[in-house]
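# Coordinate inspection notes
The residues making up each chain are set out below.
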Amino acid sequence: MRIDILCLFPEMFASPLNQSIIKRAQEQGLVNIVIHDIRDYTHDKHHTVDDYPYGGGPGMVLKPEPIFEAAEAIKQQLGVSEMPIILLTPQGRLFSQSVAQELALHSHLMLICGHYEGLDERVCEHLATDEISIGDYVLSGGELAALVVVDAIVRLIPGVLGSQDSAGSDSHSNGLLEYPQYTRPQVYQGWSVPSVLLSGNHGEIAQWRRRQAILRTAKRRPDLLEKGNLCDEERKWMLENLLDPK
Ligand code: 9WO
């Protein structure tokens, strides 16, 4: 997969993309992430990327020309006429694991990050094919949101995760939150690891984990429960344990 990112602060990407799983994915040639500075696509002496808003008001607005020119240059260089061009904005559709899965199917993605000021609406209307928000809060710009989106997508590319840390068992991939996990020591400050996990009984352990995941999802994120495919027996157990917490 190739991901091109247009932004005003390219240095924000250096460290996050050079760690851990994303770094390894790039080294293995599974993803090629290229950062572009929108300022490089200006033609005036001062490399102007923004201007005053028509109609007045606070702040500045990113000019459309450098963004369109950057996007066209990249499409031409790649030899593709159509690819998802995604704007990171609080006005976009809400990002989720299912949006990440959908985007991970493409061979090329382009992400556009505004900063400080807003973007000229013609970029949204006539260049972007999609607008994505990572949540209902305002950031200084789209760069951090783009990093979140890239991280979630890259780990879904086949071969990026080893079979050890399969993407399939993570929180949200089965629709439920993850079950509680423990490692050594067996007792820490008087707090013991649940004895079922030491039992060696794999059937009991699997049932305990599934039930813990259900209970935790019911308590913290009941909105996710419908995606969890509970059977009647699990639903009954959940209701008993929600009413009667031990
Ligand atoms: C700034 C501004 C100043 C005066 C009047 C109106 C204004 N609008 C904005 C504005 O929308 N700034 C945005 C900053 C422009 C696009 C990039 N920015 C951004 C993206 N902030 N937060 C996000 C974001 C992206 C994805 N998910 C959550 C938040």
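Above: the structure in question.
What this report covers is the structure whose coordinates are included nearby. (Residues numbered from 1 in each chain as written. Predicted model: local features only at pLDDT ≥ 70, side-chain atom pairs only at ≥ 80, totals over all residues. Heavy atoms only, no water.)

Here the focus is the overall build of the chain. If you tally the helices and strands in the chain, you get eight helices and 10 strands. Projected onto its principal axes, the C-alpha positions of the chain cover 70 × 45 × 40 Å. Here the chain, with 246 residues, has 40% of them falling under the buried criterion. For the chain, the proportion of contacts with a sequence separation of at least 24, taken over those separated by at least 6, is 73%. Here the chain displays about 14700 Å² of accessible surface, and carbon together with sulfur accounts for 50% of that area. Positive and negative side-chain charges of the chain, numbering 22 and 33 respectively, have mean locations separated by a distance of 10 Å. (Helix = DSSP H or I, 4+ residues; strand = E, 2+ residues; numbered from the N terminus. Buried < 20%, exposed > 50% of the residue type's maximum accessible area, 1.4 Å probe, protein only. Contact = heavy atoms within 4.5 Å. Areas by Shrake-Rupley, 256 points an atom, 1.4 Å probe, with all protein chains shown as cover. Lys, Arg positive; Asp, Glu negative; His and termini not counted. Charge placed at Lys NZ, Arg CZ, Asp CG, Glu CD.)

Let's shift gears to helix α8 (residues 232–243). The end-to-end C-alpha separation of α8 is 17 Å, in line with the 16 Å expected for 12 residues at 1.5 Å each. Taken residue by residue, α8 has E234, W237, M238 and N241 as its buried positions. Seen along its axis, α8 keeps its buried residues to an arc of 100°; they face one direction. For α8, the exposed residues set more than 90 degrees away from the buried face come down to D232, K236 and L243. In this fold, the buried residues of α8 make contact with α7 (202–220). (Expected span 1.5 Å × (residues − 1). Arc of directions from axis to C-beta.)

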